[in-house]
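Residues per chain, in single letters:
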Amino acid sequence: MDRQTLLAFLLIGFIIVLYPWYMSIVAPTPSPVGSLNQPQQDGVQVDIIESATPDIPAKATTTNSSAPLKTINITTNLYDLDISNKNGGSFTDFKLYDFKDHNNRLVNLIDKDNSNNMAIGFVSVDGDKILLDNNWGVVGNANKLRVDRGQKTLTFKTQFSGQAVTKKYTFYADSYNIDVDVTFENPSRFISRNQYTVNWNGGMPATEKNLSNDYLFFVGHASLGGENLGSRPKKGKSSVESQNGSTLWSAIKTKYFISAIIPSEPGIAAQVEGELINDKPIYHTQITQSTNSANQYTVYLGPLDYNSLRDFNVGLETNVDLGWALFRPIGQVISWLLTKMYALIPNYGAVVVLFAFLIKLLLNPLTVKTFESTRKMQSLAPEIQKLKEKYKNDPQKMSRAQMELYKNSGANPMGGCLPMLIQMPILVSIFSIFRSKIEFRGAPFFGWISDLSVPDTLFEIGGFPINVLPVLMGSTMFIQQKMMAAPNADSQQKTMMYVMNAFFLVLFYRFPSGLNLYYFVFNLLSILQQKYLIPNPATDAGLPLKK
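Anyway, here's the lowdown on the structure attached to this text. (Residues numbered from 1 in each chain as written. Predicted model: local features only at pLDDT ≥ 70, side-chain atom pairs only at ≥ 80, totals over all residues. Heavy atoms only, no water.)

### Concerning the overall build of the protein
Of regular secondary structure, the protein possesses 11 helices and 24 strands. Long-range contacts, defined here as pairs at least 24 residues apart, represent 67% of the contacts in the protein between residues at least 6 apart. Total accessible area on the protein stands at roughly 25,500 Å², and carbon and sulfur atoms take up 56% of it. (Helix = DSSP H or I, 4+ residues; strand = E, 2+ residues; numbered from the N terminus. Contact = heavy atoms within 4.5 Å. Areas by Shrake-Rupley, 256 points an atom, 1.4 Å probe, with all protein chains shown as cover.)

The structure is reproduced here in structure tokens:
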């Protein structure tokens, strides 16, 4: 293998290693701190909580709320939700029927960190920071709702300064969308500048066994005018970003799931806060809206499904990892193709194998060019060595002689690298999609490969996992390198070949089995192509020089 090809391989590996850190964007939100009691009116208990936003610390007095805490159970065809009357409807439990965790339990998108969600806050006309995180009244006194078709609603109501505030939730039988309508009675009497906030505190829980890998994909941000507001928190230091502007949505996502709030009319500002707690990135988001707007929102709490998020038509689908922004159109095509193939072959492992065949056919012309260029350079190796010995004391003459040799023989030192660089957009997109495509989560292939989203561990020895596919992938890479290596390669080149192979084996060892399955099949096809479809350099009698 010539040095340029080696350099290209190392460049690909370097990009793959650093890629997870490419994904980053963060945010902050307020936390409640105190409470006041207000009298009942119209049969609805009213308890108002006063709080402070992060930038204005509050001296809050806490008074016990007399309103009882109540939880209503909502079941649809997709999830089982418990929603409490705190904050006028906080999600306290949200189990997804179609997704299970590594303990074979239903994935729950609510935990102790983020159960204090969907609170409404504002600055009163007296200048006090208010957060309506009291226990609101439940209109109709419902205890349970079953939404097996169509839609059903649940309404909460409270008061502040004698004025009613109402929040109505609409649940749909076959959708993760939950609509929220907020209504204020005479808001100008008690809300300063007619502006209020909708808050999601506590981020999202981890759902995967490999926590450190799951945390790499955690992001909290808001979309303002097409730009993302937010930054990733650092250890021991939280990050807070606030900005005025047309806010299309706020969202907190993990590797496979997302919580998003989408106003029907763009908000007027957003705030995002992020902090690291025990290595877990926790985000808080806040959308500021005018009471003069429609005051309607959709909460999407569910899987990172590209089509479902795209239907909002506000760019929410950019949260699905399809590779670098420049390559996203390629990623969209790849993701679409995989989904269509699965409709015909209902086994994603088989789809990955077939997809590797298709990509090999697509890249075949570039692969042939790479092989041909490499073999030309190998055939010229003895001549180049002679030139090095002849002009060992004159580097400039040696360089000119080498260039003349390349010109006369039609060889290009970069000929092996250029086709590989052209393939990079496809390779990077495949790497991104196969690492985070939710359809691979829990998808089996055969035998011990029961989940394409995690390593294919056959068994463990002393707690160390024995993964088969990375070893197979590394073996095919080693064989391919040996076949491409020059017959008279020096010890330094051989050492680099072994080092690079070990590097990729370690790198891919804990990657998802779907990704390793793809590269194993792709490398195996390359070996067969190299052995049977391209002439063996050993049979070449040398390349004639052009006249």
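### Focus: the environment of S212
Looking at where S212 falls in the secondary structure, it is placed in helix α2 (residues 211-216). Considered as a pair, S212 and K280 are 68 residues apart in the sequence and their alpha carbons are 8.4 Å apart.

### What to know about the pattern of salt bridges
The full count for this structure, using the stated rule, is seven salt bridges. The shortest N-O distance in the salt bridge between K280 and D111 comes to 3.3 Å. Placement of the pair is K280 in strand β21 (residues 280-290) and D111 in the loop between β7 (106-108) and β8 (117-124), with a sequence separation of 169 residues. Residue classification places K280 among the buried residues on the basis of a relative accessible area of 8%. Accessibility expressed as a relative area gives 21% for D111, which makes it partly exposed. Measuring nitrogen to oxygen at the nearest pair gives 3.3 Å for the salt bridge that ties E439 to K437. (Salt bridge = Lys/Arg side-chain N within 4 Å of Asp/Glu carboxyl O. Buried < 20%, exposed > 50% of the residue type's maximum accessible area, 1.4 Å probe, protein only.)

### A short note on the nonpolar core
The nonpolar side chains of a soluble globular protein tend to be buried, and buried together. One finds I83, F91, L154, F171, F434 and Y518 to be the most contacted residues of the largest nonpolar core, which totals 102 residues. Here this core gets eight residues from one element, more than from any other, and that element is helix α11 (residues 513-533). Those residues in contact with L154 that lie beyond four places of it in its chain are I72, I74, I83, V138, A142, L145, K167, K168, Y169 and F171. In this structure, L387, A401, L405 and A411 belong to the second largest nonpolar core, which totals eight residues. (Core = buried A, V, L, I, M, F, W, Y, C linked by side-chain atoms within 4.5 Å.)

### Digging into the pairing of β8
Among the eight residues in β8, seven count as buried, and that is most of the element. Alignment of β8 against strand β15 (residues 191-200), held across six bridges, turns out to be antiparallel. The partner of N117 across the bridge, within β15, is W200. Where β8 and strand β9 (residues 129-131) come together, three bridges link them in antiparallel fashion. Residue pairing across strands places F122 opposite I130, the latter belonging to β9. (Pairing = 2+ DSSP bridges.)

### Here we look at unusual backbone geometry
Not every positive phi belongs to a glycine, and M118 is a case in point at roughly 65°. In this structure, M118 sits in strand β8. The buried category is assigned to M118, whose relative accessible area is 2%. Look at S161: it is not a glycine, yet its phi comes out positive at around 55°. A residue is classified by how much of its surface remains accessible, and S161, at 48% relative accessible area, is partly exposed.

### Regarding the sheet that holds strand β4 (residues 71-75)
Paired through their backbone hydrogen bonds, the strands of a sheet run either parallel or antiparallel. Spatially, β7-β6-β5-β4-β11 is the arrangement adopted by the five strands of the open sheet, whose pairing is mixed. Where the open sheet ends on each side, the last strands, each with one partner, are β7 and β11 (144-146). Taking each pair of neighbouring strands and ignoring which way they run, the sheet shows an average axis angle of 15°. Note: β4 against strand β5 (residues 79-84), five bridges, orientation antiparallel. Note that in β5 the partner of T75 across the bridge is D80. (Axes fitted to C-alpha atoms, helices over the stretch in contact; angles between N-to-C directions.)

### Some words on the packing of aromatic side chains
Under the counting rule described, the total for this entry stands at 33 aromatic pairs. Positioned above the aromatic ring of W136, the side-chain terminus of K167 is 5.3 Å from the ring centre. (Phe/Tyr/Trp six-rings, centres within 6.5 Å; stacked < 30°, edge-to-face > 60°. Lys NZ or Arg CZ within 6 Å of the ring centre and 35° of its normal.)

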